[in-house]
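# Residue-level structural notes
Residues per chain are reported as follows:
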Amino acid sequence: MPTCKFGKIKFAEQRIDVRYVPLKDRIYADMDNERLLNNLVLLSKDGNVKKFDASVAGVNEGDYVYLYMDIDEDADTNDADRYVVSEGIVVKNPISYDVCKFCCVLNEEILRRGEYVKIFEMKIYKHDRR
């Protein structure tokens, strides 16, 4: 469970499970406009988040989540440049003002989807059809 003190997050243990997560299994987070710190993003006002397929899911403190954000709605069909992805742990809002209930402490840098796919040495669309 992460702890927060003055905006710095320390993880009790490092995440070992490294796996490829397609867009269809990710939740939305505005990693540009709602990033409070370099590694802290506002996530949910009430415990509900929007999934890639526009359905709603619930999150709780301690959940490990996989995020996406649409960065260019007008991009061609090349999804590698249209989305950015990241991941992290859901924490209660550590900031004093009451804007949201949960935030996400990013455990990975924010990557363009194409860069993320290259990490796993996959061809785009081979394993992920959204």
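Owing to the predicted nature of the structure, the values given are computational and were not obtained by experimental measurement.

### Remarks on the packing of aromatic side chains
Enumeration over the complete set of coordinates arrives at six aromatic pairs. Consider the rings of Phe52 and Tyr83, whose centres lie 5.5 Å apart with planes at 65°: the pair is edge-to-face. Of this pair, Phe52 sits in the loop between strand S6 (48–50) and strand S7 (56–58) while Tyr83 sits in strand S9 (residues 83–92); the two residues are 31 residues apart in sequence, bridging distant segments of the chain. When its relative accessible area of 17% is taken as the criterion, Phe52 is described as buried. Judged by relative accessible area, Tyr83 falls into the buried class, the value being 4%. For Arg26, the ring lying beneath its charged end belongs to Tyr116, and the centroid distance is 4.8 Å. Sitting over the ring of Tyr28, Lys50 keeps its end group 5.4 Å from the ring centre.

### Remarks on the state of the cysteines
Throughout the structure, instances matching the rule amount to zero disulfides. Between Cys103, a cysteine without a disulfide, and Cys100, which holds the nearest cysteine sulfur, the sulfur-to-sulfur distance is 3.9 Å. Overall, Cys103 belongs to the buried group, its relative accessible area being 0%. Unpaired in this structure, Cys104 has its nearest cysteine sulfur neighbour in Cys103, at a distance of 8.7 Å. Accessibility expressed as a relative area gives 0% for Cys104, which makes it buried.

### A look at the nonpolar core
Counting residues in each nonpolar core, the largest one holds 15 residues, and the members touching the most others are Ile27, Met31, Leu43, Val59, Val65 and Leu67. Contributions of two or more residues to this core are made by strand S5 (40–44), strand S8 (64–70), S9 and strand S10 (102–106). Apart from the residues lying within four places of it in its own chain, the contact partners of Val59 are Ile27, Leu43, Ser44, Gly47, Val49, Val65, Val90 and Phe102. Counting residues in hydrophobic clusters, the runner-up holds 11 residues, among them Val21, Leu23, Tyr66 and Leu111.

### Some words on the environment of Leu106
Structurally, the position occupied by Leu106 is in strand S10. For the pair Leu106 and Asn39, spaced 67 residues apart in the sequence, the C-alpha separation amounts to 4.9 Å. When near neighbours in sequence (up to four residues on either side) are disregarded, Leu106 contacts Asn38, Asn39, Val41, Leu67, Ser86, Glu87 and Gly88.

### Some remarks on the confidence of the model for the protein chain
Residues at a pLDDT of 70 or more form 72% of the protein chain, whose mean pLDDT is 79. Predicted confidence for residues 1–16 stays below pLDDT 50, and this span has 25 contacts to residues more than four positions away or in other chains.

### Concerning the pairing of S8
Of all seven residues in S8, five are buried; the element is thus mostly enclosed. With two bridges connecting them, strand S3 (residues 27–28) and S8 associate as parallel partners. Looking at the pairing, Ile27 lines up with Leu67 of S8. Of the strand pairs in this sheet, S8 and S9 are connected by seven bridges, and their pairing is antiparallel. In the sheet register, Asp70 faces S9, and the bridge partner there is Tyr83.

Conventions adopted
Residues numbered from 1 in each chain as written. Predicted model: local features only at pLDDT ≥ 70, side-chain atom pairs only at ≥ 80, totals over all residues. Heavy atoms only, no water. Phe/Tyr/Trp six-rings, centres within 6.5 Å; stacked < 30°, edge-to-face > 60°. Helix = DSSP H or I, 4+ residues; strand = E, 2+ residues; numbered from the N terminus. Buried < 20%, exposed > 50% of the residue type's maximum accessible area, 1.4 Å probe, protein only. Lys NZ or Arg CZ within 6 Å of the ring centre and 35° of its normal. Disulfide = S-S within 2.5 Å. Core = buried A, V, L, I, M, F, W, Y, C linked by side-chain atoms within 4.5 Å. Contact = heavy atoms within 4.5 Å. pLDDT = per-residue confidence, 0-100. Pairing = 2+ DSSP bridges.

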